There are 2 protein chains.
Amino acid sequence: MGTEKQRPVTLRTLADQLGLHVSTVSRVLHAKPDEGARAASGATVERIRKLADELGYRPNPHATSLRTRRSNLVGVLVPRLSDIVLATIYEGIEEAAAEHGLSTFVTNTRDVPEVQRARTEMVLGRRVDGLIFGDAYADGEFLASVAARGVPFVLVSRRSGEYPSVTCDDYEGGRLAAEHLLSLGHSRVAVIAGEPYASTGIDRTAGFVDAFAAAGCPVPESRIVHTPFDARGGRLGAERLLAERPSAIFAVNDFAAIGAIGAARDAGLRVGEDIGIVGFNDTPLAAELPVPLTTVRSPMHEMGYRGLSLLVRLMAGETVEPERLTPKLMVRASTTG
Amino acid sequence: MGTEKQRPVTLRTLADQLGLHVSTVSRVLHAKPDEGARAASGATVERIRKLADELGYRPNPHATSLRTRRSNLVGVLVPRLSDIVLATIYEGIEEAAAEHGLSTFVTNTRDVPEVQRARTEMVLGRRVDGLIFGDAYADGEFLASVAARGVPFVLVSRRSGEYPSVTCDDYEGGRLAAEHLLSLGHSRVAVIAGEPYASTGIDRTAGFVDAFAAAGCPVPESRIVHTPFDARGGRLGAERLLAERPSAIFAVNDFAAIGAIGAARDAGLRVGEDIGIVGFNDTPLAAELPVPLTTVRSPMHEMGYRGLSLLVRLMAGETVEPERLTPKLMVRASTTG
DNA sequence: CTGAAAGCGCTTACAG
DNA sequence: CTGAAAGCGCTTACAG
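Quick summary incoming for the structure in this document. (Residues numbered from 1 in each chain as written. Chains lettered and ligands numbered in written order. Predicted model: local features only at pLDDT ≥ 70, side-chain atom pairs only at ≥ 80, totals over all residues. Heavy atoms only, no water.)

This part covers the interface of chain A and chain B. Every contact between the two is made by 62 residues of chain A and, on the other side, 62 residues of chain B. When chain A packs against chain B, the two sides together hide about 5200 Å² of surface, and 52% of this comes from carbon and sulfur. Interface area lost by chain A to chain B is led by His62(A), Arg126(A) and Glu288(A), which between them contribute 14%. For the pair chain A and chain B, the interface holds six salt bridges. Its salt-bridge partner being Arg232(B), residue Glu288(A) comes within 3.4 Å of it at the nearest N-O pair. Our count for the contact surface shared by chain A and chain B stands at 23 residue pairs in polar contact (both at pLDDT 80 or more). Contributions of two or more residues to the side of chain A that touches chain B are made by helix H5 (61-68), helix H6 (84-99), strand S2 (103-108), helix H7 (113-125), helix H8 (141-148), helix H11 (231-242), helix H12 (254-266) and helix H13 (284-288) of chain A. In terms of residue count, H6(A) provides more of the side of chain A that touches chain B than any other element does, seven residues in total. Class assignment for the residues of the side of chain A that touches chain B results in 27 nonpolar, 17 polar and 18 charged. (Contact = heavy atoms within 4.5 Å. Buried area = accessible area lost by both parts, 1.4 Å probe. Salt bridge = Lys/Arg side-chain N within 4 Å of Asp/Glu carboxyl O. Polar contact = N/O pair within 3.5 Å; in protein donor to acceptor, adjacent residues only side chain to side chain. Helix = DSSP H or I, 4+ residues; strand = E, 2+ residues; numbered from the N terminus. Nonpolar A, V, L, I, M, F, W, Y, C, P; charged D, E, K, R; others polar.)

In this section: the sheet that holds strand S7 (residues 224-225) of chain B. All names here are of chain B. Strand order across the open sheet formed by six strands is S7-S6-S8-S9-S10-S12, with mixed pairing between neighbours. The open sheet is flanked by S7 and strand S12 (328-330), the only strands paired with a single partner. In this structure, strand S8 (residues 248-251) lies alongside strand S9 (residues 276-281), joined through three bridges in parallel fashion. Within the sheet, the bridge partner assigned to alanine 248 lies in S9 and is glycine 276. (Pairing = 2+ DSSP bridges.)

Here chain A sits on chain B after a turn of 180° about the axis and a move of 0.0 Å along it, with an RMSD of 0.0 Å. Interpreted geometrically, this transformation is the action of a two-fold axis. For chain A, the smallest separation between a C-alpha atom and the rotation axis is recorded for His62(A), amounting to 2.3 Å. Taken together, the interface assignments show that 100% of the residues at the interface of chain A recur at the interface of chain B, consistent with an identical surface on both copies. (Least-squares fit on C-alpha atoms with pLDDT ≥ 70 in both.)

Before going further, it helps to spend a moment on the pairing of strand S4 (residues 153-156) of chain B. All names here are of chain B. Neither face of S4 is exposed, since Phe153 and Leu155 on one face and Val154 and Val156 on the opposite face are all buried. Relative to S4, strand S3 (residues 130-133) is paired through three bridges, and the arrangement is parallel. Within S4, the residue paired with phenylalanine 133 across the bridge is leucine 155. In terms of handedness, the path from S3 via helix H8 (residues 141-148) over to S4 forms a crossover that is right-handed. (Buried < 20%, exposed > 50% of the residue type's maximum accessible area, 1.4 Å probe, protein only. Right-handed = clockwise from strand over helix to strand, strands pointing away.)

Purely geometric numbers; function is a separate question.
Structural data, given as structure tokens:
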């Protein structure tokens with residue numbers, strides 16, 4: 001129980017104590033529980049496992065990686081972990097990674113292209129076996145350069161071109177929001193559409209606008225604004241939109257919706273009565289707000305979990321298909337009063 | 001521009017192309033810009049650096065770690081990254097880590113002791129050089145077992161015993177909240193105190209309660225409730241507290257405060273007029289809420305940044321002192337109407 | 001069933 | 001100023 005950092009136990013430690021060769025020990029410790037017989041005699045297998053257990057042997061991953069050219073490391077790039085949507089997606093990634101014996105490096109890129117580049121280089125320098133991007137730009141330029149290097153990667157949250165991705169069916173989600181508002185009789189609506197380079201905002205807006213157009217109530221450009229995906233962005237966006245006197249606002253993100261609620265209130269409007277507001281994602285806060293928020297639930301945790309699983313298959317050489325997860329409308333007081 | 005994963009450039013690649021020995025190349029590439037002369041002749045240094053640049057040489061960190069017994073890796077354990085407070089602290093950690101050439105593994109432990117143990121073993125198995133705990137239990141039992149292994153670590157957000165930590169001066173923060181409410185004439189107040197094992201909640205509550213006691217308005221146990229640090233917890237806590245008819249509620253966390261606002265509203269109270277509510281942290285949402293939230297700002301990003309810096313000093317063998325960062329009261333409509 | 005060898009890519013103390 | 005050697009801890013194809 002000293003505070004000293006004792007030399008860790010290695011294969012050599014075990015081999016010496018047992019009078020065996022390290023290669024034998026390695027083979028045994030590597031074998032799946034059932035195929036132990038392949039590696040050594042039953043008795044030897046037992047002795048090795050027992051001592052490894054007693055001494056708390058843990059293979060040195062640097063040595064393993066050096067030798068096998070596999071790091072079991074995955075790099076995860078997100079705009080910002082302080083966005084609960086991305087943080088929740090990451091929780092899913094982490095859970096799946098742990099199940100596969102992988103570890104992750106996560107890093108914030110703030111949607112700044114130079115930072116995305118620099119952080120990608122950094123994790124690549126750490127010799128990750130694969131990458132997950134939660135910060136893809138719809139244009140896909142940067143991703144093309146990554147693909148050219150032959151590193152496997154998948155996108156989560158946002159899609160881009162034909163690259164493997166796990167996203168919410170955002171178009172459908174936008175449509176759900178629209179159908180809901182249409183059913184309540186709204187015809188003059190507005191959209192807080194998020195950042196123009198993110199497929200999430202693009203697709204949600206498209207689904208919403210298309211549904212309104214199909215219902216004979218086209219949404220003009222003047223009632224669509226682009227802002228950051230946070231409360232402040234939502235407030236600023238709503239302040240501009242309110243001049244258009246919409247009867248309802250669709251924000252492509254719950255936090256933007258919360259900002260919009262504040263702006264509406266400041267303008268003297270009662271949310272859910274004078275104006276309807278719909279968000280997106282169904283973050284835990286949505287249901288607990290003073291005026292609970294109608295929103296489209298996206299399976300954030302699952303998105304991360306499946307994203308990592310997809311990456312594992314990709315790293316194993318499989319061909320994979322993009323996945324679109326199903327959104328679900330959650331009706332609450334912000335549209336029904 | 002093929003999609004092939006070409007063999008990466010190693011020291012050997014460089015050495016062979018230049019007709020030098022790998023040890024020479026290694027020495028040169030290692031030297032600080034100014035001490036290059038120590039490593040080889042000026043001309044050789046130039047040739048090596050030039051080729052390394054052209055070929056995009058990146059040292060293999062696994063080989064380096066194996067050889068030097070230093071991984072330049074840090075493990076970070078937090079209750080949950082989907083809590084914006086911890087996510088923001090992590091952003092600070094990441095920023096500082098990048099400056100020091102360190103990479104981090106972050107992992108969610110959900111404040112579950114077995115998970116804390118398991119994840120700690122995991123990152124230790126990855127041979128991190130140090131640890132940062134954002135999920136310390138006040139009792140410090142588990143930390144003692146980590147300390148016994150001789151791995152350097154620091155705590156952020158929460159403190160425990162005398163272990164090195166970077167926290168907000170939470171006691172002072174609680175006091176600030178109390179002074180504010182006292183100055184507004186409140187005498188019958190209540191506290192949503194968070195989880196009982198977290199020093200943040202404990203200290204904030206203590207500072208608050210002590211200030212009220214000193215002012216002659218003791219806060220009885222019946223007006224202090226423990227709940228999770230989220231909106232749902234805050235709502236449930238407030239629902240119980242409202243039976244006590246407090247004129248103001250102090251929630252030790254902004255999200256709990258938001259839940260409390262919802263509960264107050266459901267009870268027919270106007271926040272800022274019929275009841276005052278104070279939060280803690282000043283998360284970005286606080287100022288954007290329909291009723292902007294009075295709260296105590298804690299320097300979250302800085303806490304992470306300084307926490308990592310403290311760890312670096314600890315890993316270098318220095319003795320370090322705990323740091324308490326200064327909180328700041330942000331007065332808004334939730335207490336002033 | 002077990003051993004011996006080679007090698008992953010790097011660093012470092014030593015020699016010349 | 002540069003080279004050669006040893007070794008970090010592991011895996012794997014091969015030999016016996």
